[in-house]
Amino acid sequence: MHDMRAYKSAFFLQMQSTLCYRANILFYLTAVLIPPLAIFFLWRTVLGEVDALGAYDLGTMITYYVVVQFFIAHTPFSAWVEIGESIRDGSLTLWLVRPANHYGLYLGRLLGSWVPFWLLGLGGTAGVAALLHRYFQFQTDPVLIGAAVLMWLGGVILGFTWGYMLNLVAFWTERATGMVVLAEQAASFLAGGVIPLDLLPLQELWLFLPFRFAGWLPTQIYLGRVSRSELPLEFLKLLIWLMAFCVLVQWLWRRGLRRFAGVGV
Amino acid sequence: MGALRVIKELLKLRFQWELAFRIDAILSLLASLLYIVGGVLLFEVIYARVESIGGWGRPEGLALVGTLALLLELEGSLLRGGLQHLPSLVHKGRLEQYLLRPVPAPLLLAFSKAIPTRVIWRLPLGVVVVAYALSLAPPLPERLLFYSLSILISLGIYALMVFCLVCLSFWVIEMQNLFWVIYDLVEFARYPASVYRGVFRLFLSTVLPLLVLANFPVQLLLRGDSPLLLLHQFLVLLGFWGLGWALWRRGLQRYQGAGG
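Residues numbered from 1 in each chain as written. Chains lettered and ligands numbered in written order. Predicted model: local features only at pLDDT ≥ 70, side-chain atom pairs only at ≥ 80, totals over all residues. Heavy atoms only, no water.

*Asks:* Sorry, what's going on with the overall build of chain A here?
*Replies:* Within chain A, the secondary structure is distributed over 12 helices and zero strands. Each helix and strand of chain A, ordered N terminal to C terminal, gives the series α-α-α-α-α-α-α-α-α-α-α-α. In summary, chain A has a C-alpha radius of gyration of 20 Å against a globular reference of 18 Å for 265 residues, a match within 12%. Oriented by its inertia axes, the alpha-carbon framework of chain A measures out at about 65 × 40 × 35 Å. For chain A, with 265 residues in total, the buried portion stands at 59%. Across chain A, the fraction of contacts at a sequence separation of at least 24, relative to all contacts at a separation of at least 6, is 82%. As displayed, chain A offers around 11,800 Å² of accessible surface, 66% of which is attributable to carbon and sulfur atoms. (Helix = DSSP H or I, 4+ residues; strand = E, 2+ residues; numbered from the N terminus. Rg over C-alpha atoms; globule rule 2.2 N^0.38 Å. Buried < 20%, exposed > 50% of the residue type's maximum accessible area, 1.4 Å probe, protein only. Contact = heavy atoms within 4.5 Å. Areas by Shrake-Rupley, 256 points an atom, 1.4 Å probe, with all protein chains shown as cover.)

What follows is the structure, encoded as structure tokens:
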């Protein structure tokens with residue numbers, strides 16, 4: 001067991017580093033402001049002609065997109081491109097000589113870098129909800145809100161692990177950028193960012209995959225569509241997926257290090 | 001002519017460079033495919049329930065998805081990498097390596113990170129969607145010409161919009177996320193123009209001309225709209241060219257190089 005101080009330091013240092021560029025954080029607000037506003041116009045037109053699409057009426061649909069956009073825009077599906085690049089250019093050596101787990105350090109750094117974005121994003125999402133208050137459905141049950149956030153935080157770690165895993169592919173390929181971009185696109189789509197997963201054909205398949213934990217499922221919890229009795233089972237499923245991903249990461253890491261040819265420190 | 005020759009050589013070199021990473025190219029092709037499939041699925045789910053979206057039928061909706069994909073691919077493959085490189089050059093004071101060449105620096109910069117292989121790999125995806133839309137509602141032949149012209153002007157407008165944005169790096173130090181502003185704004189271009197109303201629609205057609213990008217080409221192709229839309233696009237292009245030029249000139253006055 002490594003000393004936790006290293007990970008905590010990584011978390012706080014990265015947060016400080018992120019906070020140095022406050023304008024940069026502010027610009028990212030558009031990720032939670034613009035897409036739900038744009039799609040609002042589409043759904044207002046479509047659901048002005050039909051009452052509902054599946055189980056979604058206009059209010060539910062608008063709420064879905066506002067909330068899911070917050071979750072997905074703040075989930076690091078591609079982890080950190082730097083991981084793949086450091087493997088490719090050999091600078092990973094600098095991380096290997098440190099007495100800490102590489103995955104843990106990057107997770108700490110990544111969470112530290114995202115916290116300011118999450119807080120500001122929450123304000124932005126509240127702003128969009130206020131702007132669309134005629135349509136937005138505010139959840140008043142604190143248990144459901146808490147469960148949705150907790151589920152999403154699990155999804156964040158799952159999303160990071162997914163991205164980290166794909167960055168490790170750089171041990172075998174010359175460049176992992178394409179893989180990471182694909183991972184990001186696929187995960188964002190499969191998390192329900194483009195269209196609610198329960199409106200898609202073959203929905204059983206999409207709802208089996210783990211990406212729903214980062215977007216679709218927390219949003220469904222927020223909307224009150226997942227009963228309290230179902231929550232423990234969903235959390236268990238999340239945990240199983242997370243453990244499976246972690247085992248796979250360890251396996252890839254060990255295999256990859258055998259191939260790795262780094263530069264000198 | 002000299003500038004064109006340099007750009008041609010640049011594209012050739014970048015083509016050879018990219019060919020070295022074939023697996024990466026296949027994976028990024030899949031990413032593009034997913035983006036288009038997402039757009040198509042969204043419209044298919046909607047059109048399974050309604051006849052039209054504010055008067056836009058299924059062929060128009062699909063053509064919009066394909067056209068926007070074409071445009072984003074062209075910009076993403078040929079210009080985005082180079083334009084996004086400007087903030088880092090300004091930040092590190094290394095812009096001289098472009099300013100000292102006997103070619104207009106913005107042009108050289110724009111094409112410096114082009115990925116021509118991506119155009120070959122990915123462009124057909126958008127083309128297939130547009131072709132399918134056309135098979136559902138065949139247009140008049142002259143409409144194809146209007147469409148092609150319109151796409152070219154849209155590409156110019158979009159590139160200039162991104163250029164104006166990256167020119168802000170002369171004033172803002174860390175602007176990595178500023179790119180997302182423009183890419184997020186493109187969300188407004190993904191949906192039929194008819195979903196927007198009144199002043200907001202006018203705003204999206206002039207000041208922030210996102211509807212001009214993909215909606216106008218489709219309106220010319222399948223909705224039989226007047227070719228005057230081309231003139232509208234051209235005026236918007238001129239406006240952004242002027243703004244880009246002014247920002248570049250003012251920015252260069254602020255720029256401090258690191259020498260070398």
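*Asks:* Hey, could you run me through the packing of aromatic side chains in this one?
*Replies:* Think of a pair of aromatic rings as described by two things: how far the centres are apart, and how the planes are tilted against each other in angle. Evaluation of the coordinates by the stated rule reveals 35 aromatic pairs over all chains. In textbook terms, an aromatic cluster arises when at least three aromatic residues are bridged by ring pairs, as seen for Phe40(A), Phe41(A), Tyr135(A), Phe188(B), Tyr196(B), Phe200(B) and Phe203(B). A cation over an aromatic ring shows up here: Arg98(A) above the ring of Trp95(A), its NZ or CZ 4.4 Å from the ring centre. A cation over an aromatic ring shows up here: Arg80(B) above the ring of Tyr183(B), its NZ or CZ 4.4 Å from the ring centre. (Phe/Tyr/Trp six-rings, centres within 6.5 Å; stacked < 30°, edge-to-face > 60°. Lys NZ or Arg CZ within 6 Å of the ring centre and 35° of its normal.)

*Asks:* Explain unusual backbone geometry here, please?
*Replies:* Glycine aside, a negative phi is what most residues show, and trans is what most peptide bonds show. Within the chain, Leu202(A) stands out as a residue other than glycine whose phi angle is a positive 55°. Relative to the assigned elements, Leu202(A) resides in the loop between helix 9 (177-190) and helix 10 (203-208).

*Asks:* For this particular structure, what's the right way to read the confidence of the model for chain B?
*Replies:* Should pLDDT be low for a region, the predicted coordinates there are not to be read in detail. Overall, the predicted model of chain B reaches an average pLDDT of 86, with 93% of residues at or above 70. At the level of chain-chain contacts, confidence expressed as ipTM amounts to 0.82, with global pTM at 0.84. (pLDDT = per-residue confidence, 0-100.)

*Asks:* Honestly, the environment of Ser226(B) in this entry has me stumped. Any pointers?
*Replies:* Residue and element names in this part refer to chain B. By the secondary structure assignment, Ser226 is in the loop between helix 11 (215-222) and helix 12 (228-254). Relative accessible area serves as the criterion here: at 38%, Ser226 is assigned to the partly exposed category. A sequence separation of 195 residues divides Ser226 from Ala31, and the C-alpha atoms of the two residues are 36 Å apart.

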